[in-house]
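Okay, here's what each chain looks like letter by letter:
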Amino acid sequence: MRKLAAGAAGIVAAMAVGALPAHAAGDTRFGVNRVNLAWLSPAEREKVLDLMVKNGVVAVRLSLTKPIDQSIDAVRVAHAKGLAILLEISLNNPAFYPEGTKPRPGLGRIWDMYRLSDISPDQFRSVVSDALRKIDALKIPLVAVEAGNEINWGAYNGDLEVKTKAKSRTARSLADLDNLPAVEQGAARYVQLAAVVRKELQSTQYSRTAKVVSAGLSDIPVADADRRGIDSIDPASFTNLMRKHGLDKVVDGYGIHIYPGSNGTAAARAAHVSQALSICRSEPDGKPCWITEWGFSNTSTTCPANDGSREQLVEAARSRFAELMGTGRVAAAYYFDWDAKGYGVWRCGGLSPAGRAAVVTP
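Residues numbered from 1 in each chain as written. Predicted model: local features only at pLDDT ≥ 70, side-chain atom pairs only at ≥ 80, totals over all residues. Heavy atoms only, no water.

## Structural notes on unusual backbone geometry
Then, in step 1: Backbone torsion omega between E283 and P284 reads 5°, so that peptide bond is classified as cis.
Then, in step 2: That bond from F336 to D337 is cis: its omega, 15°, falls within 30 degrees of zero.
Then, in step 3: Among the secondary structure elements, D337 is positioned in the loop between strand 8 (330–335) and strand 9 (346–347).
Then, in step 4: Notably, L107 is not glycine yet its phi reads approximately 55°, a positive angle.
Then, in step 5: Mapped onto the elements, L107 comes out in the loop between strand 3 (84–89) and helix 4 (121–137).
Then, in step 6: Although it is not a glycine, K139 sits at a positive phi angle of roughly 60°. (Helix = DSSP H or I, 4+ residues; strand = E, 2+ residues; numbered from the N terminus.)

## A word on the sheet that holds strand 6 (residues 254–258)
Strand-to-strand pairing in sheets goes through backbone hydrogen bonds, with the strands running parallel or antiparallel.
Then, in step 1: Pairing is parallel across the open sheet formed by eight strands, whose spatial order is 5-4-3-2-1-8-7-6. Unpaired on one side and paired on the other, strand 5 (211–216) and strand 6 mark the two borders of the sheet. The sheet shows a mean angle of 30° between the axes of neighbouring strands, direction not considered.
Then, in step 2: Inspection of the sheet shows strand 3 paired to strand 4 (residues 144–149) by four bridges, in the parallel sense. (Pairing = 2+ DSSP bridges. Axes fitted to C-alpha atoms, helices over the stretch in contact; angles between N-to-C directions.)

## Considering the packing of aromatic side chains
Then, in step 1: Scanning all chains against the criterion turns up eight aromatic pairs.
Then, in step 2: For the ring pair Y97 and Y114, a centre distance of 4.2 Å and an interplane angle of 15° mean the geometry is stacked. A residue pair is termed long-range when its members are at least 10 positions apart, and Y97 in the loop between strand 3 and helix 4 and Y114 in the loop between strand 3 and helix 4 qualify at 17 residues.
Then, in step 3: Overall, the relative accessible area of 11% leaves Y114 in the buried class.
Then, in step 4: Here a set of aromatic residues connected by ring pairs shows up, and it is made of Y259, F336 and Y343.
Then, in step 5: Above the ring of F30, the side-chain terminus of R318 is found at 3.8 Å from the ring centroid. (Phe/Tyr/Trp six-rings, centres within 6.5 Å; stacked < 30°, edge-to-face > 60°. Buried < 20%, exposed > 50% of the residue type's maximum accessible area, 1.4 Å probe, protein only. Lys NZ or Arg CZ within 6 Å of the ring centre and 35° of its normal.)

## Describing the packing of helix 2 (residues 42–54) against helix 3 (residues 68–80)
Then, in step 1: Orientation of helix 2 relative to helix 3, taken along the N-to-C sense of each, is 35°, at an axis distance of 10 Å. Remark: the crossing between helix 2 and helix 3 carries right-handed chirality. Residues R45, E46 and L49 of helix 2 form the contact with helix 3, whose own contacting residues are Q70, D73, A74, V77 and A78.
Then, in step 2: Its residues assigned to classes, the contact of helix 2 with helix 3 comprises four nonpolar, one polar and three charged. (Left-handed = near helix turned anticlockwise from the far one by under 90°. Contact = heavy atoms within 4.5 Å. Nonpolar A, V, L, I, M, F, W, Y, C, P; charged D, E, K, R; others polar.)

## Description of the state of the cysteines
Then, in step 1: Taken as a whole, this structure holds two disulfides when the rule is applied.
Then, in step 2: Across the disulfide, C303 is cross-linked to C348 (sulfur-sulfur distance 2.1 Å). One quick way to see it: the torsion about the S-S bond of C303 and C348 is about -90°, and its sign makes the bridge left-handed. Within this pair, whereas C303 is found in the loop between strand 7 (289–294) and helix 9 (308–327), its partner C348 is found in the loop between strand 9 and strand 10 (350–351), the two being separated by 45 residues in sequence. (Disulfide = S-S within 2.5 Å.)

## Thoughts on the layout of surface pockets
Then, in step 1: Quantified by volume, the largest pocket comes out at close to 1,200 Å³.
Then, in step 2: For the largest pocket, the lining is made up of 39 residues, of which W111, E150, Y156, E293 and F336 are closest to its centre.
Then, in step 3: Secondary-structure elements contributing two or more residues to the lining of the largest pocket are strand 2 (59–64), strand 4 and helix 6 (222–228).
Then, in step 4: Of the residues that constitute the lining of the largest pocket, the class distribution is 16 nonpolar, 14 polar and nine charged.
Then, in step 5: Quantified by volume, the second largest pocket comes out at close to 310 Å³.
Then, in step 6: D219, I220, P221, D234 and P235 are the residues nearest the centre of the second largest pocket, which is lined by 20 residues in total.
Then, in step 7: Every element with two or more residues in the lining of the second largest pocket is listed here: helix 6, helix 7 (235–244) and helix 8 (266–276).
Then, in step 8: By residue number, the principal contributor to the lining of the second largest pocket is helix 8, which donates four residues.
Then, in step 9: Classifying every residue of the lining of the second largest pocket gives 10 nonpolar, seven polar and three charged. (1 Å grid on protein atoms, 1.4 Å probe; cavity = no way out; pocket = protein on both sides within 12 Å on 5 of 7 lines; lining within 4 Å. Points joined across faces, edges and corners; volume = space filled by probe spheres on them.)

## Re the packing of helix 4 against helix 5 (residues 180–202)
Then, in step 1: Two numbers describe how helix 4 lies on helix 5: the axes approach to 10 Å, and their chain directions differ by 30°. One element, helix 4, and the other, helix 5, form an angle in the roughly parallel class. Both helix 4 and helix 5 take part in a crossing whose hand is right-handed. Side by side, helix 4 and helix 5 meet where P121, F124, R125, S129 and L132 of the first sit next to R189, Q192, L193, V196, V197, K199, E200 and L201 of the second.
Then, in step 2: Here the contact of helix 4 with helix 5 is composed, by residue class, of seven nonpolar, two polar and four charged. (Parallel < 35°, antiparallel > 145°, perpendicular 65-115°, else oblique.)

## Digging into the nonpolar core
Then, in step 1: If you look at the biggest cluster of nonpolar residues, it comprises 90 residues, and the most contacted ones within it are L91, F124, L142, Y190, L277, W294 and F321.
Then, in step 2: In terms of residue count, the dominant contributor to this core is helix 5 (nine residues). (Core = buried A, V, L, I, M, F, W, Y, C linked by side-chain atoms within 4.5 Å.)

## Quick word on the environment of M113
Then, in step 1: Along the chain, M113 falls in the loop between strand 3 and helix 4.
Then, in step 2: We classify M113 as buried; its relative accessible area is 3%.
Then, in step 3: Setting aside chain neighbours within four positions, we find M113 in contact with L91, N92, P103, R104, G154, A155, Y156, N157 and G158.

## Looking at the pairing of strand 5
Then, in step 1: Strand 5 sits mainly inside the fold: five of its six residues count as buried.
Then, in step 2: Examined bridge by bridge, strand 4 and strand 5 share five bridges and lie parallel to one another. Its bridge partner lying in strand 5, E146 is registered against V213.
Then, in step 3: A crossover links strand 4 with its parallel partner strand 5, the connecting element being helix 5, and its sense is right-handed. (Right-handed = clockwise from strand over helix to strand, strands pointing away.)

Okay, structure coming up:
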């Protein structure tokens, strides 16, 4: 009876956030990340997604990145296996920028990244429109589309500065930025991109009810930003900057990433989560948060997986997210990552205890 009740609750939840694939079961508000499947061979993509389904995963966050056709193929396979899909659009795609545009150098400490203020909404529209038409031709209903990723720090927004040297003091607020006008221009341009996504989704047959989610923002601590020497703006400030330029008119939810850390006290982790989710509101007072990445690292490589401590951390975080889902402040949470080193939950040929706690409905 408990399993039947959980399944029914999951179906209701899925209807609230988007279309549910015909044979999916469980609570699709809880999913897992597996980005850059386009970089794998077709057989490897099939294997990863098949293992997810066999281990109880019902929702996945995938990326639309180069090569685009391979990204779309990953979406096709995921849908065929019954997975609900949130599609994140990578903004580090040269096709989105005027010819000759150069990315801001990462100075050997991070990858080179295009400036958000340089992106062309028209070129973005052309690529995204074509991709969504191809997905629609496959009769695939997306749950949500998230334009961009962590655009509030320099790794994913070239308007934010990479300092000349690591271990340098970075910006603590928008007022600390040396190039605030460019950052603000990029934020305004970003709202235009979100509007493009909304319009293009409305032109589809199968994804017209998909939610538009703003780019999941990084919660990188100031100390870590200083260690790397890369500017980062706190999620609340950056969200408010985008809201100033009309974000609330074009998105259904705010994307956020949460990495509370495995060290420290439970109270400190709880405070970290509360701060990260301070922007979340229930309708009609605001927009709910979509936690498009969250997780805890486990560097142990022993088999069987030594994952008990992380399992407890994951259970506590998921319980808090579920509580906020009940109030309408959080819409969904996607664990990062399926098989990434450190954060991954596919360990020793199986889903680790932390993975089961994160993404499998009890």
